[in-house]
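These are the residues of each chain, in order.
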Amino acid sequence: MNPEELRSKSTEELNAAVADLNQELFNLKFQLHTGHLENTSRIPQVRKEIARIKTVLQQKNS
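What counts and how
Residues numbered from 1 in each chain as written. Predicted model: local features only at pLDDT ≥ 70, side-chain atom pairs only at ≥ 80, totals over all residues. Heavy atoms only, no water. Helix = DSSP H or I, 4+ residues; strand = E, 2+ residues; numbered from the N terminus. Expected span 1.5 Å × (residues − 1). Buried < 20%, exposed > 50% of the residue type's maximum accessible area, 1.4 Å probe, protein only. Contact = heavy atoms within 4.5 Å. Core = buried A, V, L, I, M, F, W, Y, C linked by side-chain atoms within 4.5 Å. pLDDT = per-residue confidence, 0-100. Axes fitted to C-alpha atoms, helices over the stretch in contact; angles between N-to-C directions. Parallel < 35°, antiparallel > 145°, perpendicular 65-115°, else oblique. Left-handed = near helix turned anticlockwise from the far one by under 90°. Nonpolar A, V, L, I, M, F, W, Y, C, P; charged D, E, K, R; others polar.

Quick look at helix α2 (residues 11-34)
Part 1: Between its terminal C-alpha atoms α2 stretches 35 Å, which fits the 34 Å expected from 24 residues at 1.5 Å a residue.
Part 2: Within the span of α2, buried status applies to Leu14, Ala17, Val18, Leu21, Leu25 and Leu28.
Part 3: Where the residues of α2 are buried, they touch α1 (3-8) and α3 (42-61).
Part 4: Directly after α2, the chain includes Gly35, whose backbone phi takes a positive value near 85 degrees.

Re the nonpolar core
Part 1: Counting 14 residues, the largest nonpolar core has Leu14, Val46 and Ile53 as the members making the most contacts within it.
Part 2: Apart from residues lying up to four places away in sequence, Ile53 is in contact with Leu6, Leu14, Ala17, Val18 and Leu21.

Quick look at the confidence of the model for the protein chain
Part 1: Here the protein chain shows a mean pLDDT of 95. Residues at 70 or above account for 100%.
Part 2: Mean pLDDT in the protein chain bottoms out at α1, which sits at 92, and peaks at α2, which reaches 97.

A look at the environment of Gln58
Part 1: Its location among the elements puts Gln58 in helix α3.
Part 2: Given the relative accessible area of 52%, Gln58 is considered exposed.
Part 3: Taking the C-alpha atoms as reference, Gln58 lies 13 Å from Glu12; in sequence the two are 46 residues apart.

Considering the packing of α2 against α3
Part 1: Interaxial distance between α2 and α3 falls to 9 Å at its minimum, and their mutual angle equals 160 degrees. In terms of their interaxial angle, α2 and α3 are classed as roughly antiparallel. Where α2 crosses over α3, the handedness of that crossing is left-handed. Residues Thr11, Leu14, Asn15, Ala17, Val18, Leu21, Asn22, Glu24, Leu25, Leu28 and Leu32 of α2 form the contact with α3, whose own contacting residues are Arg42, Ile43, Val46, Arg47, Glu49, Ile50, Ile53, Lys54, Val56, Leu57 and Lys60.
Part 2: Looking at the contact of α2 with α3, its residues break down into 13 nonpolar, 3 polar and 6 charged.

And the structure:
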């Protein structure tokens, strides 16, 4: 998602997206450690998406 799309969403939607991405990140890390992860580049992508959303949330709260 690009920042413009994130800024147009409500705080509740952004919080839900962060929760979903955190769950996905947990699952990806679990797969990595069990040896079942095929696309290892997805982990940094998810981390960056979480950071983008948290940045927009911080901007909305300020």
